[in-house]
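In case you want the letters, here they are:
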Amino acid sequence: MKTRRFSALGFLALSIGLLTYFGGRAQLWSSSGKTATSNLPSLAQAASSEAESLQGAFIRIAKQVGPSVVSISTEQIERVKQFLRGHPFFGEEPFDEFFRQFYGEIPERELRRFGLGSGVIIDERGYVLTNEHVVADAEKITVTLNDGREFEGTVKGKDTRSDLAVIKIDANKLPTAILGDSGTAQVGQWVMAIGNPLGIAEIGPAAQTFGSEPTISVGVISGVNRQLPRSPRQNRDYSDLIQTDATINPGNSGGPLVNLSGEVIGVNVAIIVGPGNAYGFAIPSNKARRVMAALVEGKKVTYGWLGIQIQDITEDVAQYYGLSEKSGVLIYEVIPESPASKAGLKDGDIIKAFDGQPVAHSRQLIDHVSQTPEGRKASVEVLREGKKQVFSVEIGQRPEEIDTAGRTGESWRGLVVGGLSQENIERFRVPAGISGVIVLDVEANSPADRAGLQPGDIINEVNRVGIESLSDYRKVIAALQGPALVRTQRGYVVIKQSE
């Protein structure tokens, strides 16, 4: 006698047939022999209803916010020397001067550089919020609306540190977006990135193919309070960012990141591409709101300043100071005549709280101080030699020439240097036991560049005067005239005075 065996596929087919026979009400036998009605159909219906609701929300938001999103195209004219063929040494000293005697001044030609970005209308009178890097150095700005109209844009105001700018176009009664509260953003929350990636919303042949409406991408908030590395050349502060897996492509910069209520909770600013993944970042709307308000009024955006160089508490530092945790910020230099210096703060103090708010790390302290108005007095709680002390500091205005992350923002003979903070030590892999200041940037064709200095060089002596800190460096170069003998870990160089 042959035994018949049902395959899994056969059993599934039989089950489907029985479900169909009972009109969708699956009669399942329980262990007691009684039948029970399955809730599988109701679960499927609920899931379908939820998906349709989410899809409806995406469509509604696209229609609601899309008209306020614009495309921004920029044009910049760059003048470069047009070297003669056959002379490969043009552009290099001392060959420039030699050939100039025979050929005269080297002719220049114009190169036009084009850029693309996005923006969002924040005021019906024609104010558009975008990134500063979208319009930086632009000589011509063209703003294209959702309906295809083009307007010439002018920069009403911009702030490099926050990477935000406001453009004004000559138009009225425009559709606007609503700025939401980015403080409510949570990991896992649905968001939509809206913009014009790759410039496909531009007017012209592309518009005939793609139309002038912006595109959207959907994802969730992957993280909050994210931070990106800072550029030595551009003093941008990419902190407290919102991270999302919603696709942000080139051309999306300046466009809005929107929640399911149709509110803008971020301004798309950057994307980092990793192996098989891309990570998008947006400036939170709460930060953008403060900056935007000042720019619309034509005011300069200012930031609070303590005047200290700081670093996070490492395991070794915590052990040395006898701390039970790594929470807090260590002061490794107090800038002379700064608000912190006048209040009595000292090198080696550990800041535990600022203005009543606990301080866990340096980024948190910088954010708190930056958002504190100039002239306001704030309490600073520190640990000094194991004892708690509280100081009252009158917050100053952050000078443009000094960077609070430990570098001089104004170059000297083409040099931009910083202190040996933990961040700089790790970044340039500085060996242990070295003192001085570190070169962060060298301007092209500057005296420092011609002397051969490079980022990562450690300057420990200038004109035979030892350099231990940024304070020493500033004192030496303040009144320096003529050629300067500079010693680095690679040897001596002479930096001539700029002509």
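Treat the numbers as computed from the prediction; the structure is a model and nothing was measured.

## Remarks on helix H6 (residues 285-296)
Turning to step 1, where the next piece is worked out: Taking 1.5 Å per residue as the helical rise, H6 with its 12 residues ought to reach 16 Å, and the 15 Å between its terminal C-alpha atoms agrees with that figure.
Turning to step 2, where the next piece is worked out: Within the sequence span of H6, burial applies to Ser285, Lys287, Ala288, Val291, Met292, Ala294 and Leu295.
Turning to step 3, where the next piece is worked out: Downstream of H6 by one or two residues, Gly298 has phi in the positive range, about 75 degrees.

## Concerning the packing of aromatic side chains
Turning to step 1, where the next piece is worked out: Following the criterion strictly, the structure yields three aromatic pairs and no others.
Turning to step 2, where the next piece is worked out: Between Tyr320 and Tyr321 the ring centres are 5.4 Å apart and the planes differ by 80 degrees, which places this aromatic pair in the edge-to-face class.
Turning to step 3, where the next piece is worked out: Looking at Tyr320, the relative accessible area reads 69%, which means it is exposed.
Turning to step 4, where the next piece is worked out: Centroid distance Trp412 to Tyr473: 6.3 Å. Interplanar angle 90 degrees. Geometry classified as edge-to-face. Pair noted here: Trp412 is in the loop between strand S26 (407-408) and strand S27 (415-418) and Tyr473 is in helix H12 (residues 470-478), with a separation of 61 residues, a long-range link. In this pair, the class of Trp412 matches that of Tyr473, namely buried.
Turning to step 5, where the next piece is worked out: Lying over the aromatic face of Tyr303, Arg161 brings its terminal NZ or CZ to 5.1 Å of the ring centre.
Turning to step 6, where the next piece is worked out: Here the basic side chain of Lys168 rests over the ring of Tyr127, its NZ or CZ set 5.5 Å away from the ring centre.

## Focus: the nonpolar core
Turning to step 1, where the next piece is worked out: If you look at the biggest cluster of nonpolar residues, it comprises 30 residues, and the most contacted ones within it are Val65, Leu129 and Leu164.
Turning to step 2, where the next piece is worked out: Looking at this core, the elements with two or more residues in it are helix H2 (40-65), strand S4 (108-123), strand S5 (127-130), strand S9 (164-168), strand S11 (190-195), strand S15 (263-274), strand S16 (277-284) and H6.
Turning to step 3, where the next piece is worked out: Among the elements that make up this core, the one with the highest residue count is H6 (five residues).
Turning to step 4, where the next piece is worked out: Discounting chain neighbours no more than four positions away, the residues touching Leu164 are Leu129, Thr130, Asn131, Glu132, Lys158, Asp159, Val267, Ile283, Ala288, Val291 and Leu295.

## Let's talk about the pairing of strand S29 (residues 458-462)
Here is the key point about a regular strand: its side chains alternate between the two faces of the sheet.
Turning to step 1, where the next piece is worked out: Extensive coverage of S29 is indicated by the burial of five of its five residues.
Turning to step 2, where the next piece is worked out: Looking at chain direction, strand S28 (residues 437-442) and S29 are connected through two bridges and run antiparallel. Looking across to S29, one finds that Ile438 is bridged to Ile458.
Turning to step 3, where the next piece is worked out: In the sheet, S29 pairs with strand S31 (residues 484-488) via three bridges, with the strands oriented antiparallel. By the bridge assignment, Val462 is partnered in S31 with Val486.
Turning to step 4, where the next piece is worked out: Two elements, S29 and strand S30 (residues 465-466), share two bridges in a ladder whose sense is antiparallel. Pairing of Val462 across the sheet is with Val465, part of S30.
Turning to step 5, where the next piece is worked out: Linkage of S29 to S30, two consecutive antiparallel strands, is achieved through a turn of two residues, within which Asn463 is found at a positive phi near 50 degrees.

Conventions used here
Residues numbered from 1 in each chain as written. Predicted model: local features only at pLDDT ≥ 70, side-chain atom pairs only at ≥ 80, totals over all residues. Heavy atoms only, no water. Helix = DSSP H or I, 4+ residues; strand = E, 2+ residues; numbered from the N terminus. Expected span 1.5 Å × (residues − 1). Buried < 20%, exposed > 50% of the residue type's maximum accessible area, 1.4 Å probe, protein only. Phe/Tyr/Trp six-rings, centres within 6.5 Å; stacked < 30°, edge-to-face > 60°. Lys NZ or Arg CZ within 6 Å of the ring centre and 35° of its normal. Core = buried A, V, L, I, M, F, W, Y, C linked by side-chain atoms within 4.5 Å. Contact = heavy atoms within 4.5 Å. Pairing = 2+ DSSP bridges.

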